[in-house]
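Geometric and topological summary
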Amino acid sequence: NAGVTQTPKFRILKIGQSMTLQCTQDMNHNYMYWYRQDPGMGLKLIYYSVGAGITDKGEVPNGYNVSRSTTEDFPLRLELAAPSQTSVYFCASTREILNSPLHFGNGTRLTVT
Amino acid sequence: AQSVTQPDIHITVSEGASLELRCNYSYGATPYLFWYVQSPGQGLQLLLKYFSGDTLVQGIKGFEAEFKRSQSSFNLRKPSVHWSDAAEYFCAVGSLISGTYKYIFGTGTRLKVLA
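These numbers come from a predicted model, not from an experiment.

1. Here we look at the overall build of chain A
Broken down by element type, chain A carries 0 helices and 11 strands. Of the regular secondary structure in chain A, the N- to C-terminal order runs β-β-β-β-β-β-β-β-β-β-β. A globule of 113 residues ought to have a C-alpha radius of gyration of about 13 Å, and chain A, at 13 Å, matches this closely. C-alpha extents for chain A along the principal axes are approximately 40 × 30 × 25 Å. Expressed as a percentage of the 113 residues in chain A, the buried residues total 48%.

2. Some thoughts on the state of the cysteines
Residue and element names in this part refer to chain A. Applying the stated criterion to the full structure yields 2 disulfides over all chains. At a sulfur-sulfur separation of 1.9 Å, the disulfide partner of Cys 23 is Cys 91. Linking Cys 23 and Cys 91, the disulfide has an S-S dihedral of approximately -70 degrees and is accordingly described as left-handed. Taken together, the residues span a long stretch of sequence, with Cys 23 in strand β3 (residues 19-25) and Cys 91 in strand β9 (residues 87-94) at a distance of 68 residues.

3. Brief notes about the side chain of Thr108(A)
Residues and elements named next belong to chain A. Of note, Thr 108 is situated in strand β11 (residues 108-112). Separated by 2.6 Å, the side chain of Thr 108 and the backbone oxygen of Pro 8 make a polar contact. If we ignore the near neighbours within four places in the chain, the residues touching Thr 108 are Gln 6, Thr 7, Pro 8, Lys 9, Leu 21, Ser 87, Val 88 and Tyr 89.

4. Here's the deal with the nonpolar core
Residues and elements named next belong to chain B. If you look at the biggest cluster of nonpolar residues, it comprises 27 residues, and the most contacted ones within it are Leu 19, Trp 35, Leu 47, Leu 48, Phe 74, Leu 76 and Tyr 89. Counting only elements with at least two residues in this core, the list comes to β2 (10-14), β3 (19-21), β5 (32-38), β6 (44-50), β8 (64-68), β9 (73-78), β10 (87-97) and β12 (109-114). No other element matches the 4 residues that β10 contributes to this core.

5. Looking at the packing of aromatic side chains
Counting across every chain of the model gives 18 aromatic pairs over all chains. Each ring, one from Tyr35(A) and one from Phe105(B), has its centre 5.5 Å from the other, and the planes form 80 degrees; the classification is edge-to-face. Highlighted residues: Tyr35(A) in strand β4 (residues 31-38) and Phe105(B) in strand β11 (residues 100-105), drawn from two different chains. Comparing Tyr35(A) with Phe105(B), the two get one shared label, buried.

6. Brief notes about the side chain of Arg68(A)
All names here are of chain A. Note that Arg 68 resides in the loop between β7 (64-66) and β8 (76-78). Buried Arg 68, no salt bridge; nearest opposite-charge side chain is Glu 72, N-O distance 7.4 Å. For Arg 68, the side chain forms a polar contact with the main-chain oxygen of His 29, separated by 3.2 Å. In this structure the side chain of Arg 68 is engaged in a polar contact, spanning 2.9 Å, whose partner is the backbone oxygen of Asn 30. Non-local contacts of Arg 68, meaning those with residues more than four positions away in its chain, are made with Gln 25, His 29, Asn 30, Met 32, Ser 49, Val 50, Gly 51, Ala 52, Gly 53, Thr 55, Asp 73 and Phe 74.

7. What about the interface of chain A and chain B?
Taken together, the contacts link 22 residues of chain A with 24 residues of chain B. Scanning the region where chain A abuts chain B turns up 0 salt bridges. Of all elements in the fold, only β4, β5 (42-51) and β9 of chain A reach the threshold of two or more residues within the side of chain A that touches chain B. Classifying every residue of the side of chain A that touches chain B gives 13 nonpolar, 8 polar and 1 charged.

8. Considering the environment of Gly94(B)
Its place among the elements puts Gly94(B) in strand β10. Expressed as a C-alpha distance, the spacing of Gly94(B) and Pro31(B), which sit 63 residues apart in the sequence, is 6.8 Å.

Thresholds, definitions, all that
Residues numbered from 1 in each chain as written. Chains lettered and ligands numbered in written order. Predicted model: local features only at pLDDT ≥ 70, side-chain atom pairs only at ≥ 80, totals over all residues. Heavy atoms only, no water. Helix = DSSP H or I, 4+ residues; strand = E, 2+ residues; numbered from the N terminus. Rg over C-alpha atoms; globule rule 2.2 N^0.38 Å. Buried < 20%, exposed > 50% of the residue type's maximum accessible area, 1.4 Å probe, protein only. Disulfide = S-S within 2.5 Å. Polar contact = N/O pair within 3.5 Å; in protein donor to acceptor, adjacent residues only side chain to side chain. Contact = heavy atoms within 4.5 Å. Core = buried A, V, L, I, M, F, W, Y, C linked by side-chain atoms within 4.5 Å. Phe/Tyr/Trp six-rings, centres within 6.5 Å; stacked < 30°, edge-to-face > 60°. Lys, Arg positive; Asp, Glu negative; His and termini not counted. Salt bridge = Lys/Arg side-chain N within 4 Å of Asp/Glu carboxyl O. Nonpolar A, V, L, I, M, F, W, Y, C, P; charged D, E, K, R; others polar.

Interpretation in functional terms is not warranted from these geometric data alone.
Here you go:
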């Protein structure tokens, strides 16, 4: 049972480069989320999706884009990487029931230099 | 607005000692509360959750948490800490905001265990 899978695990980007962080889940969850984690700041919501074709902004969406063409996949796109985007990124999914917990991937550690 | 506060950034305990990690929340309705643990280089793993019923909930790895509505708290406890419990712990509130399920996280408490 794979759960939530994120790739890559690590990435170093130069300022201005672009990349896509991949996230896929095999639990047939409609709800998917992207968070970034910075030291001492907890998790901040970047974007979320409530189903295929439906996405919306979270707390910190600037500099990111997402798409949701299938239930399984929810990629996060960085168009022009900036040092402020150095962080650890987590993808998560859940059923659309409020007491259902989030299932997390193992994260992508991104450094922008 | 909903919020979650974990007042302790770092906690150090000796192996075998008891542990209590604090969590306070601000939420108007009945909260859905969660504790997660994050080991180094890993994602977050659910320890336990509360949404109704008995206010003392049991989780994995010997952890428990008590919901106290009067204090808006959901503190995590363990009677005897093991060295493998060293990790970062996050408290979270699940809520329905504008028709969408969202989860608000505290800033985390990093636990160090002394041998």
